[in-house]
Amino acid sequence: AGLFVVVILALFGMKLIPSFMEYRTARNAIEAISREKQGASVADIRKAFEARATIDDIASVKPQDLEITKQGAEVIISFGYRKEVPLFGGVGLYIDYSATSRP
């Protein structure tokens, strides 16, 4: 029974970790772009994200998915998406991710 639990936990880990790592990479990208591109246009911010997404292999968030706003002089970038992670057979897991560049 203990081995079964370990196998199930390993299965979840192998399936969920890539999804979480992609989310963290996208979150880190918008935080960096927000710091670097203060005063930039919306189009420039989307281009900067597209370049990072290509390099870092971010497929779940597209430049057009970004919500870009300004609060005073600060550029705030955010996104949200739902990721379906198939586990086995017809069983899967939905995870809702969202992030903002605002601290």
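Cut-offs and rules
Starting afresh in each chain, residues are numbered from 1 along the sequence in its written order. Only residues with pLDDT of at least 70 get local features here, since the model is predicted, and only at 80 or more are side-chain atom pairs given and counted; chain-wide, interface and lining totals rely on the full set of residues. Think of the side-chain values as coming from all heavy atoms in the structure, minus any hydrogens and water. Think of it this way: any DSSP run of H or I at least four residues long counts as a helix, any run of E at least two long counts as a strand, and we number them from the N terminus. Here a helix's expected span is defined as the number of its residues, less one, multiplied by 1.5 Å. In what follows, residue pairs with any heavy atoms lying within 4.5 Å of each other are defined as contacts. Pairing of aromatic rings covers Phe, Tyr and Trp, the last counted by its six-membered ring, and requires centre-to-centre distances within 6.5 Å; plane angles under 30 degrees mean stacked, over 60 mean edge-to-face, and any other angle means tilted. The buried label applies to any residue whose accessible area, calculated with a 1.4 Å probe on protein chains only, is under 20% of its type's maximum; exposed applies above 50%, and partly exposed to all values in between. A positively charged side chain is recorded as over a ring if its NZ (Lys) or CZ (Arg) lies within 6 Å of the ring centre. The angle to the ring normal must also be within 35 degrees.

Here helix H2 (residues 42-56) contains 15 residues, and its C-alpha end-to-end distance of 21 Å stays within 8% of the 21 Å for a straight helix at 1.5 Å per residue. Buried residues along H2 sit in contact with helix H1 (2-36), strand E1 (67-71) and strand E2 (74-88). Asp57 lies just past H2 and shows a positive phi near 60°.

This part is about the packing of aromatic side chains. Counting across every chain of the model gives five aromatic pairs. A centroid spacing of 6.3 Å and a plane angle of 70° characterise the contact between Tyr23 and Phe79, whose relative ring orientation is edge-to-face. Of the two residues, Tyr23 is situated in helix H1 and Phe79 in strand E2; the sequence distance between them amounts to 56 residues. Ring geometry for Tyr81 and Tyr97: centres 5.3 Å apart, planes at 40°, overall tilted. Of this pair, Tyr81 sits in strand E2 while Tyr97 sits in strand E3 (residues 91-100), and the two are 16 residues apart along the sequence. Summarising the burial analysis for this pair, Tyr81 and Tyr97 share the class buried. Counting every residue linked through ring pairs, the aromatic cluster contains Phe20, Tyr23, Phe79, Tyr81 and Tyr97. Looking at Arg82, its charged tip hangs above the ring of Tyr94, at a distance of 5.2 Å from the centre.

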